[in-house]
Amino acid sequence: MVKQKKAQLEIFGLMIVIVLVMLGIFFAIKFVLLDPAPTLKQDYNRVQLSSNFGVALLQSSSDDCRGIDFSELITDCAEFQTISCDGKRSCDYINTTLDSILKDTLDLWKVKYHIVARLSSHPEPIIEKYSVDSADRQNCKNDKKTVGSLETFFLPMSHSGSDMVNFEVFICG
Amino acid sequence: MKKKSQMQFGETIAILFIFFMLLVVGLVFYVKIKTASVGQDISEYKDVRAVELSQTVAFLPEFQCTEMNVVEPSCFDKYKILAMQKVSEANHAYYYRDLGDILIEVQQIYPFGETIVPYNSTPETFTVASQAHIPISLYDVESEKYIFGVLRITTYG
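Fair warning: this is a prediction, and the values are worked out from it, not measured in the lab.

Chemist: Help me get a handle on the overall build of chain B, residues and values and all.
Modeler: Looking only at helices and strands, one finds three helices and six strands in chain B. Starting at the N terminus and walking to the C terminus, you meet the elements of chain B as α-β-β-α-α-β-β-β-β. Reported as C-alpha extents along the three principal axes, the dimensions of chain B are approximately 105 × 30 × 25 Å. Within chain B, buried positions represent 36% of all 157 residues. A separation of at least 24 residues holds for 56% of the contacts in chain B among residues at least 6 apart in sequence. For chain B, the exposed area adds up to about 9,900 Å²; of that, 62% sits on carbon and sulfur atoms. Counting 13 positive and 18 negative side-chain charges, chain B places the averaged centre of each group 21 Å from the other.

Shown next as structure tokens:
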């Protein structure tokens, strides 16, 4: 009887050791192996891409439109469309040129984006571009739910008082 | 008596065996976790290094537009970048100290133009660690126009 109880106690002791080892393994898996990797580079790339793309684009001079800046062409597109470039209105010219630039940059790098130009007083977009893959139109949109980096540029207009064009570059994470 | 002592000896051996098995399993597990942790640290260091390099290159004074010694923000001087090709070759050790084994290219996207390589330190045998693309505004002093360009930094592992 005493021997039986002694054996039972020894088994119980071994069980406690095994339970402690299992707990240690569980915590190691949870907090070390399953720890999410830091996303410094991805976050930096997204933020710098949205900012630098907008700055570079708005500052660029048009090739066959008397060297007018893109920011000026966008505001003309929003206002009276008086500027004519190579037989095209400013809006058509911007759309064509932006498609060409995006093809060699964000589309080539397989970056998901949503680029919009709209008046601050009207939510309807004047210019709108999504990334190439049609599925991305659903996934990458500048709304409150999608994770990404947004950079907004404010372009004042010459004849519309306090109204201005908001040029938004949204890069999805 | 003999059997009793043999049984106890057998028990002791069994316990020692289980103990050492547990110890070995624990050590193997610890080594695996440590390896994963070190791998993650190395990956994080490479990412930090890539970000540092991107910032260093993007703000090199050799690339910046200036007017009367005042730096113009968010602007890269095309002719300075062209000149940098020869300067970096002549002073390779100086730039290698800060930049290391990387390839810097500046590509003109709109209007489409040449690709300039202001710095090239590609090792003989390499694996591409990462590539960063930074849209930039290139200023052409001759035509007084801004060109949409891309600064491409290739880091080698």
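Chemist: Would you mind going over empty space enclosed by the protein in detail, with residue names and values included?
Modeler: Tallying each qualifying case throughout the model produces one cavity of 30 Å³ or more. Reported here for the largest cavity is a volume of approximately 70 Å³. Lining the largest cavity, in full, are Lys41, Tyr44 and Asn45 of chain A together with Ala50, Val51, Leu53, Ser54, Ser130, Ala132, Ile153 and Thr155 of chain B. Of all elements in the fold, only α2 (40-59) of chain A together with α1 (2-58), β5 (128-140) and β6 (145-156) of chain B reach the threshold of two or more residues within the lining of the largest cavity. With four residues, the single largest contributor to the lining of the largest cavity is α1 of chain B. Here the residues of the lining of the largest cavity are counted per class, giving six nonpolar, four polar and one charged.

Chemist: Requested: an account of the interface of chain A and chain B, with residues and values cited.
Modeler: Each partner contributes residues to the interface: chain A has 36 residues there, and chain B has 30 residues. The contact between chain A and chain B buries some 3,000 Å² in all, and 70% of this surface belongs to carbon and sulfur atoms. The interface formed by chain A and chain B contains zero salt bridges. Mapped onto the side of chain A that touches chain B, the elements with two or more residues apiece are α1 (2-33), α2 and α4 (90-104) of chain A. Among the residues forming the side of chain A that touches chain B, the class breakdown is 20 nonpolar, 10 polar and six charged.

Chemist: Any chance you could break down unusual backbone geometry for me, citing the residues and the numbers?
Modeler: A cis amide bond, omega -10°, links Tyr110 of chain B with the succeeding residue Pro111 of chain B. The topology assignment puts Pro111 of chain B in the loop between β3 (102-110) and β4 (115-120). Its identity as a non-glycine residue notwithstanding, Gln81 of chain A has a phi of 55°, on the positive side. Mapped onto the elements of the fold, Gln81 of chain A is located in the loop between α3 (70-78) and β1 (84-85). In this structure, Lys110 of chain A takes a positive phi of about 55° despite not being glycine.

Chemist: Could you give me a rundown of the sheet that holds strand β3 (residues 113-119) of chain A, with the residues and numbers involved?
Modeler: Pairing between the strands of a sheet is mediated by backbone hydrogen bonds and can be parallel or antiparallel. Residues and elements named next belong to chain A. Ordered by their spatial adjacency, four strands build an open sheet running β4-β3-β6-β5, and the pairing between neighbours is antiparallel. Both outer strands of the open sheet, β4 (125-130) and β5 (148-156), are each paired with one neighbouring strand and no more. The mean inter-strand angle of the sheet, taken between neighbouring strand axes irrespective of direction, is 10°. Of the pairings in the sheet, the one linking β5 to strand β6 (residues 164-172) comprises nine bridges and is antiparallel in character.

Chemist: Tell me about the state of the cysteines, residues and numbers included.
Modeler: Summed over all chains, the structure comprises four disulfides over all chains. For Cys77 of chain A, the disulfide goes to Cys91 of chain A, at an S-S distance of 1.9 Å. Handedness of the Cys77 of chain A-Cys91 of chain A disulfide follows from its S-S torsion of about 110°: it is right-handed. Of the two residues, Cys77 of chain A is situated in helix α3 and Cys91 of chain A in helix α4; the sequence distance between them amounts to 14 residues. Just as Cys77 of chain A is buried, Cys91 of chain A falls in that class too. Residue Cys65 of chain B pairs covalently with Cys75 of chain B via a disulfide, S to S 1.9 Å. Classification of the bridge connecting Cys65 of chain B and Cys75 of chain B rests on its S-S torsion, roughly -65°, and on that basis the disulfide is left-handed. In this pair, Cys65 of chain B sits in strand β1 (residues 64-67) while Cys75 of chain B sits in strand β2 (residues 70-77), placing the two residues 10 residues apart along the sequence. An identical accessibility class is assigned to Cys65 of chain B and Cys75 of chain B; each is buried.

Parameters and conventions
- Residues numbered from 1 in each chain as written.
- Chains lettered and ligands numbered in written order.
- Predicted model: local features only at pLDDT ≥ 70, side-chain atom pairs only at ≥ 80, totals over all residues.
- Heavy atoms only, no water.
- Helix = DSSP H or I, 4+ residues; strand = E, 2+ residues; numbered from the N terminus.
- Buried < 20%, exposed > 50% of the residue type's maximum accessible area, 1.4 Å probe, protein only.
- Contact = heavy atoms within 4.5 Å.
- Areas by Shrake-Rupley, 256 points an atom, 1.4 Å probe, with all protein chains shown as cover.
- Lys, Arg positive; Asp, Glu negative; His and termini not counted.
- Charge placed at Lys NZ, Arg CZ, Asp CG, Glu CD.
- 1 Å grid on protein atoms, 1.4 Å probe; cavity = no way out; pocket = protein on both sides within 12 Å on 5 of 7 lines; lining within 4 Å.
- Points joined across faces, edges and corners; volume = space filled by probe spheres on them.
- Nonpolar A, V, L, I, M, F, W, Y, C, P; charged D, E, K, R; others polar.
- Buried area = accessible area lost by both parts, 1.4 Å probe.
- Salt bridge = Lys/Arg side-chain N within 4 Å of Asp/Glu carboxyl O.
- Pairing = 2+ DSSP bridges.
- Axes fitted to C-alpha atoms, helices over the stretch in contact; angles between N-to-C directions.
- Disulfide = S-S within 2.5 Å.

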